[in-house]
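Structure at a glance
Below are the chains, spelled out letter by letter.
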Protein chains: 2
Amino acid sequence: MNLKNQVEWALHCCAVMMALPEGVYLPAKVLAEFHGVPKEYLSKALQALSQHGIVIGTLGPSGGYRLARAPDQISFLDIVEAVEGKRSTFRCEEIRGNNPCVPRRHRAGKPCTVARIMWKADEAWRESLRGVSLTDLAAQLAEDVPDDVLAKSRAWLLERA
Amino acid sequence: MNLKNQVEWALHCCAVMMALPEGVYLPAKVLAEFHGVPKEYLSKALQALSQHGIVIGTLGPSGGYRLARAPDQISFLDIVEAVEGKRSTFRCEEIRGNNPCVPRRHRAGKPCTVARIMWKADEAWRESLRGVSLTDLAAQLAEDVPDDVLAKSRAWLLERA
DNA sequence: CCTATTACAGATATATTTTATCCGTAATCA
DNA sequence: TGATTACGGATAAAATATATCTGTAATAGG
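Residues numbered from 1 in each chain as written. Chains lettered and ligands numbered in written order. Predicted model: local features only at pLDDT ≥ 70, side-chain atom pairs only at ≥ 80, totals over all residues. Heavy atoms only, no water.

Going by an unreviewed UniProt entry, chain A carries the name Rrf2 family transcriptional regulator and comes from Rhizomicrobium electricum.

The next thing to look at is the interface of chain A and chain B. Each partner contributes to the interface: chain A provides 56 residues, whereas chain B provides 57 residues. Across the chain A/chain B interface, buried area totals approximately 5,100 Å², and carbon plus sulfur atoms make up 65% of it. Taken as a group, Met1(A), Glu8(A) and Ile95(A) account for 14% of the area that chain A buries against chain B, more than any other trio of residues on that side. In this structure, Asp144(A) and Lys110(B) form a salt bridge, with 3.2 Å as the shortest nitrogen-oxygen distance. Connecting chain A to chain B are 20 residue pairs in polar contact (both at pLDDT 80 or more). Elements supplying a minimum of two residues to the side of chain A that touches chain B: helix 1 (5-17), helix 2 (28-35), helix 4 (76-84), helix 5 (113-130), helix 6 (134-144) and helix 7 (147-160) of chain A. When residues in the side of chain A that touches chain B are grouped by element, the largest group, 12 residues, is from helix 5 of chain A. Per-class residue counts for the side of chain A that touches chain B are 29 nonpolar, 14 polar and 13 charged. (Contact = heavy atoms within 4.5 Å. Buried area = accessible area lost by both parts, 1.4 Å probe. Salt bridge = Lys/Arg side-chain N within 4 Å of Asp/Glu carboxyl O. Polar contact = N/O pair within 3.5 Å; in protein donor to acceptor, adjacent residues only side chain to side chain. Helix = DSSP H or I, 4+ residues; strand = E, 2+ residues; numbered from the N terminus. Nonpolar A, V, L, I, M, F, W, Y, C, P; charged D, E, K, R; others polar.)

Another point: the nonpolar core. Where a protein is soluble and globular, its nonpolar side chains tend to be buried together. Ranked by internal contacts, the top residues of the largest apolar core, which has 97 residues, are Leu49(A), Met118(A), Leu49(B) and Met118(B). For Met118(B), the residues in contact, after removing those within four places along its chain, are Leu3(A), Val7(A), Leu11(A), Phe76(A), Val80(A), Leu129(A) and Phe90(B). (Core = buried A, V, L, I, M, F, W, Y, C linked by side-chain atoms within 4.5 Å. Buried < 20%, exposed > 50% of the residue type's maximum accessible area, 1.4 Å probe, protein only.)

Our next topic: the protein's contact with DNA strand C. Taken together, 26 residues sit near DNA strand C, with Pro61(A), Lys44(B), Leu59(B), Tyr65(B) and Arg91(B) positioned nearest. Considering the 4 Å shell around the protein, atoms of DNA strand C inside it are sugar or phosphate in 59% of instances. One nitrogen or oxygen atom from the side chain of Gln51(B) is found 3.0 Å from a phosphate oxygen belonging to DNA strand C. Taking Gly60(B), its main chain carries an N or O atom lying 3.3 Å from a sugar or linking oxygen of DNA strand C. Those elements that place two or more of their residues in the surface near DNA strand C are helix 1 and helix 3 (39-51) of chain A together with helix 3 (39-51), strand 1 (55-58) and strand 2 (64-67) of chain B. (Near = heavy atom within 4 Å.)

On to unusual backbone geometry. Trans peptide bonds make up the majority, and among non-glycine residues the majority have a negative phi. With a phi close to 55°, Glu94(A) is a non-glycine residue in the positive phi region. Here Glu94(A) is to be found in the loop between helix 4 and helix 5. Despite not being glycine, Ser62(B) shows a phi value in the positive range, around 65°. Relative to the helices and strands, Ser62(B) is located in the loop between strand 1 and strand 2.

Let us look at the relation of the copies chain A and chain B. Of the two same-sequence chains, chain A is brought onto chain B (RMSD 0.0 Å, axial shift 0.0 Å) by a rotation of 180°. What the superposition gives is, in effect, a two-fold axis relating one chain to the other. Proximity to the rotation axis, assessed at the C-alpha, singles out Trp125(A) in chain A; its C-alpha lies 2.4 Å from the axis. (Least-squares fit on C-alpha atoms with pLDDT ≥ 70 in both.)

Put into structure tokens, the structure is as follows:
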């Protein structure tokens, strides 16, 4: 079980887009080159972010993408769910219904006990992601990444925005 | 991103094996029929549980599987990891290394900031699963499942053990 | 000892999902 | 008008999940 690599790409793209001045858009082509990933496929992830209102895409020359709201209003969960979907990682196939001892009428009732436990763990995962905003990420990046790399990257991106 | 259906099967099988008296083994064939799932493929999951020391498999007639330790010593995480593996759901492909502004030498240092956050969420998921034992599951099942279904199921299984 | 039954390991096959790539369209800016 | 961009849909290739099949070794019971 793996998350799509698009999730990683989307997160890094959002991190990068935080550096954009007001009204400036970054083309998918530039984001793809910066991260060394295929442009066409990355575009699908960016479109998913756009459809979920996390980024804004504009057409034409000087078009591209930028964040749709302030970084502190965008959580990791927003981004992950936009790309990966909101469904739980655990699919309950209701195999308890195959128990030869349970009558067919017994359809209703609570969801499966096993599923409830798995879904709760899934919610813990989401809760953890919900608690981290892009602002939090920026703060961590400021600690982790050397200042010159940060500055050079900003310049590189703005040249191409 | 989905967990394997074998995870669901393995959890339900472990739930069922709690009902076994000392020294009694339940064949994969019976577990498969009880849950309405293909025997051959279920066997792979049971073998994974066996390899990880969660169940014990014995050969020959009257052979089969039983839990390797007390139910309160087996967590959901044990079972899930046995079938699904211990690797994080988030694969970091180190795309930060593709940044054209970062020199090649810069290999070392901390793991990627984005990855650390994703791995932390993964750990929250595991922590949640670690906190639920088979005993906890049994308690919940006692509440959720009607007594007669529980009794009939036990009888059905023991007939075939 | 013989036979039926079982777990187990490995090879193979099928289905589904992920990972792309390609193309046409519409919008936008110079 | 022409270059550039996002967007949507179709298609293709690769990886993974979902099985199935085979043979082997161990074991209980006759």
